[in-house]
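So the chains spell out like this:
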Amino acid sequence: MSDRHLTPWQAPLAAALSLFACYGTLAVVGLLGLLGVTIVLDQTLWAGAIVVFATLTLAALLLRWHRHRRPAPTLLAATGLVLIAFTMLASYSRLMEFGGFAFLVAGTLLDWRLGADQPDSDG
């Protein structure tokens, strides 16, 4: 099975979107507050978007797993997803949130590196 349709940027893009949904939204709301504009975010929708993008990151890594056959990237990203989901949906902890994103990004970077080390093949 060829993985040419599974481009190596899908997992990094999903991870970046998850980070932006979290910290980018926070920065935009803070900047708007400094400018005198107040907006109210639906906390559930915000947390849900963060978790959805983190889940898409893990899904992309699982689809690319067959390229290098090493479980470390998906295990790192899965750990990150669990930490992020627990933090967003159950009990917020800034340290756990940061750790979750660190695991998610570490898994993505490791997958990118392992995938880059493998030659392109159709089988």
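Refer to the structure printed above.
Figured I'd write up the structure that's included with this text. The residue count restarts for each chain, going from 1 along the sequence in the order it is written. Totals for whole chains, interfaces and linings use all residues, but because this is a predicted model, local features are given only for residues with pLDDT of at least 70 and pairs of side-chain atoms are given and counted only at 80 or more. Neither water nor hydrogens contribute to the side-chain values; these are computed over all heavy atoms in the structure.

Turning next to the environment of S93. A run of DSSP states H or I qualifies as a helix once it reaches four residues; a run of E qualifies as a strand once it reaches two. Both are numbered from the N-terminal end. Looking at the element boundaries, S93 is found in the loop between α3 (72-89) and α4 (94-116). Along the primary structure S93 and L83 are separated by 10 residues, whereas in three dimensions their C-alpha atoms are 9.6 Å apart.

Relative to the helices and strands, T87 resides in helix α3. With 10 residues separating them along the chain, T87 and E97 place their C-alpha atoms 5.9 Å apart. Here a residue-residue contact requires only that any non-hydrogen atoms of the pair lie within 4.5 Å. With residues near it in sequence (within four places) discarded, T87 still touches Y92, S93, M96 and E97.

Right, let's get into the side chain of T108. For T108, the position within the fold is in helix α4. Once you skip the residues sitting within four places of it in the chain, T108 turns out to touch A11, P12, A15, T57 and L61.

Turning our attention to the nonpolar core. For this analysis, a nonpolar core means a set of buried residues of the types Ala, Val, Leu, Ile, Met, Phe, Trp, Tyr and Cys, connected via side-chain atoms within 4.5 Å. Summary of the burial criterion: residues with accessible area below 20% of their type's maximum are buried, those above 50% are exposed, and those between are partly exposed, where the area comes from a 1.4 Å probe applied to protein chains only. I50, V51, I84, M88, F101 and L104 are the most contacted members of the largest nonpolar core, which has 19 residues in total. Those elements giving two or more residues to this core turn out to be α1 (10-34), α2 (43-68), α3 and α4. Looking at this core element by element, the count peaks at 8 residues for α2. Setting aside anything within four residues of it in sequence, one finds I84 in contact with I50, V51, A54, E97, G100, F101 and L104.

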